[in-house]
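# Descriptive structure summary
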Amino acid sequence: MTGSLSGLPGISIIDDGAGDAAVASVRRPASPEAAEANGGPVEAKVVIVGSGPAGLTAAIYAARANLEPVVLAGYVPGGQLMITSDVENYPGFPGGVQGPELMSLFREQAARFGTRLVDVDVDRVDLSSRPFRLWAAGVEYRAQALIVASGASALWLGLESETRLRGKGVSACATCDGFFFRGKKVAVVGGGDTALEEATFLTRFASEVVLIHRRGDFRASKIMRDRALAHPQISVRWHSAIEEVEGDQVVTGLTLRDTRTGKLTDEAVDGLFVAIGYRPNTEVFRDWLEVDERGYLVVRDETGSRIEGVFIAGDVHDHRYRQAVTAAGDGCRAAIDAERWLETVEPVTPVAAPAPAVAAPSVA
Ligand code: NDP
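The rules we used
- Residues numbered from 1 in each chain as written.
- Predicted model: local features only at pLDDT ≥ 70, side-chain atom pairs only at ≥ 80, totals over all residues.
- Near = placed C-beta within 6 Å.
- Helix = DSSP H or I, 4+ residues; strand = E, 2+ residues; numbered from the N terminus.
- Nonpolar A, V, L, I, M, F, W, Y, C, P; charged D, E, K, R; others polar.
- Axes fitted to C-alpha atoms, helices over the stretch in contact; angles between N-to-C directions.
- Left-handed = near helix turned anticlockwise from the far one by under 90°.
- Contact = placed C-beta atoms within 7 Å.
- Pairing = 2+ DSSP bridges.
- Buried ≥ 20, exposed ≤ 12 C-beta atoms within 10 Å, placed from the backbone.
- Parallel < 35°, antiparallel > 145°, perpendicular 65-115°, else oblique.

### Concerning the site of the ligand
As a matter of local geometry, the ligand sits amid 17 residues, with Gly-191, Gly-192, Thr-194, Ile-276 and Gly-277 nearest to it. A total of four residues in the shell around the ligand trace back to one element, the largest contributor, which is helix α6 (residues 193–202). Tallied by class, residues from the shell around the ligand come to five nonpolar, six polar and six charged.

Written out as structure tokens, the structure reads:
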């Protein structure tokens, strides 16, 4: 793209309240900080929604391409890695790295090249025309290009003990954490494809895998069901719900409730994998972008969407790989696509400010 957006006509009219007649003065476009303090609009070449590996990698690439990205990072920034302890499969960390530390490094790297990170959730968007408009915490952001990298959230059972023991034996990712359960007994809760896939994967490490399912029949596909049921290391507790995850510092067992009789039993395990599904974080985009039957965003032409200038990266569309490294790769691709696309289009002038009461001198 030629030219800089800061050179676009972004004249703000300030009423200083002096006298009866409104006195208008013309200022340079407000700094992002000042614009934020006034409710916006904050103008940006690229706005990225989400601050997991996809969003922050997109930010690193966009920032290094001089696109001065704004990342709307969420009130709980960092994505799913913030609730993961040891990450041993992210290349470049032969000794492993803690999930939150990894995300803090991503963030530092994005900020180093001029990314502006704002820890707010997006409440509403309007993608009907460019600049795309987003509202977060009462501030309007306007983007020439938008990268949606809002991720997906694993569903949890909702038990206090499950939350307390997350990262201490409770996990939602066998690929990430299975390795830590070599020779141990673990449980997997759920009856869909994810649960059966996780259970089968865990047999590579765990000596015994107990599948806990609330009904008497799996929802999973026949092939996954047959494979799990035939596996000598996998057993099933049918009609069982988890009443409590036991353990003080680490998981030591589960209290199960028979969903037909209410009878409670104990199951000694060293770990619990929760595999009851994922929810892609697409709420604010659903009216604008295509979603598939599972609620994930639909990608067109690699990282594009049905709206030109809106790009998609990471778990918000990927229900297949769901890995930090694949999300990061996706963020890189989306940023490169956004950069190339921006080069082909003219920047769109922000919505005009009200006409000044006095003739405005041209802004340098
Ligand atoms: P699903 O929604 O298919 O299954 C969720 C499972 O968790 C169900 O068995 C459900 O029980 C159970 N469950 C939900 N909430 C609770 C709860 N609060 N307590 C206990 N159990 C609960 O999600 P998946 O993630 O398994 O699959 C999502 C989609 O992704 C599916 O379409 C699946 O086919 C696909 N997928 C495909 C894979 C592959 O092809 N390799 C791998 C993984 C997923 P109930 O059955 O009683 O409702």
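Right, picking up where we left off after that structure.
### Quick word on the packing of α6 against helix α7 (residues 222–230)
The N-to-C vectors of α6 and α7 enclose an angle of 35 degrees; their axes lie 10 Å apart at closest approach. The handedness of the crossing between α6 and α7 comes out as left-handed. For the pair formed by α6 and α7, the contact residues are Asp-193, Leu-196, Glu-197, Ala-199 and Thr-200 on the first element and Met-224, Arg-225, Arg-227 and Ala-228 on the second. Of the residues belonging to the contact of α6 with α7, the class tally is four nonpolar, one polar and four charged.

### Topic: the sheet that holds strand β18 (residues 264–268)
If you trace the three strands from one edge of the open sheet to the other, you get β16-β17-β18, paired in antiparallel fashion. The two strands at the open ends of the sheet, each matched to only one other strand, are β16 (240–246) and β18. Direction aside, the axes of adjacent strands within the sheet are offset by 30 degrees on average. Where β16 and strand β17 (residues 253–258) come together, six bridges link them in antiparallel fashion.

### Regarding unusual backbone geometry
Cis peptide bonds are those with omega within 30 degrees of zero, and the linkage from Arg-130 to Pro-131 qualifies with -5 degrees. By secondary structure assignment, the location of Pro-131 is in the loop between β8 (122–126) and β9 (132–136). Within the chain, Glu-68 stands out as a residue other than glycine whose phi angle is a positive 45 degrees. Within the fold, Glu-68 resides in the loop between α2 (53–64) and β4 (70–72). You can call Glu-68 partly exposed: it has 19 C-beta atoms within 10 Å. One non-glycine residue, Ala-137, adopts positive backbone phi at about 50 degrees. Residue position: Ala-137 is located in the loop between β9 and β10 (139–148). With 14 C-beta atoms packed within 10 Å, Ala-137 lands in the partly exposed category.

### Overview of the packing of α2 against helix α3 (residues 99–112)
Packing of α2 against α3 brings their axes to within 8 Å, and their N-to-C directions diverge by 25 degrees. Taken together, the axis directions place α2 and α3 in an arrangement best described as roughly parallel. α2 and α3 meet at a crossing whose hand is left-handed. Across from Pro-53, Leu-56, Ala-59, Ile-60 and Ala-63 in α2, the residues of α3 making contact are Phe-106, Arg-107, Gln-109 and Ala-110. Split by residue class, the contact of α2 with α3 holds seven nonpolar, one polar and one charged.

### Topic: the environment of Met-103
Locating Met-103 in the fold gives a position in helix α3. Distance from Met-103 to Leu-56, taken between C-alpha atoms, is 8.5 Å for residues 47 residues apart in sequence. Residues in contact with Met-103, not counting those within four places in the same chain, are Gly-78, Gly-79, Leu-81 and Met-82.

### Observations regarding the pairing of β17
The antiparallel pairing of β16 with β17 creates a hairpin that spans six residues between the two strands, and Gly-247 there sits at a positive phi of about 140 degrees. Across five bridges, the pairing between β17 and β18 is antiparallel. Across the sheet, residue Gly-253 finds its bridge partner in β18, namely Ala-268. Where β17 hands over to β18, the hairpin turn is made up of five residues, of which Gly-262 adopts a positive phi near 80 degrees.

### Comments concerning the sheet that holds strand β15 (residues 234–237)
Read from one edge to the other, the open sheet built from five strands follows the order β12-β19-β13-β14-β15, with strand pairing classed as parallel. Taken across any chain shown, the strands that pair with only one partner, and hence form the sheet edges, are β12 (170–171) and β15. Relative to β15, strand β14 (residues 208–212) is paired through four bridges, and the arrangement is parallel. Across the sheet, residue Val-210 finds its bridge partner in β15, namely Ser-235. Strands β13 (185–189), β14, β15 and β19 (271–274) of the sheet are contacted by α6, whose axis makes an angle of about 170 degrees with β13.

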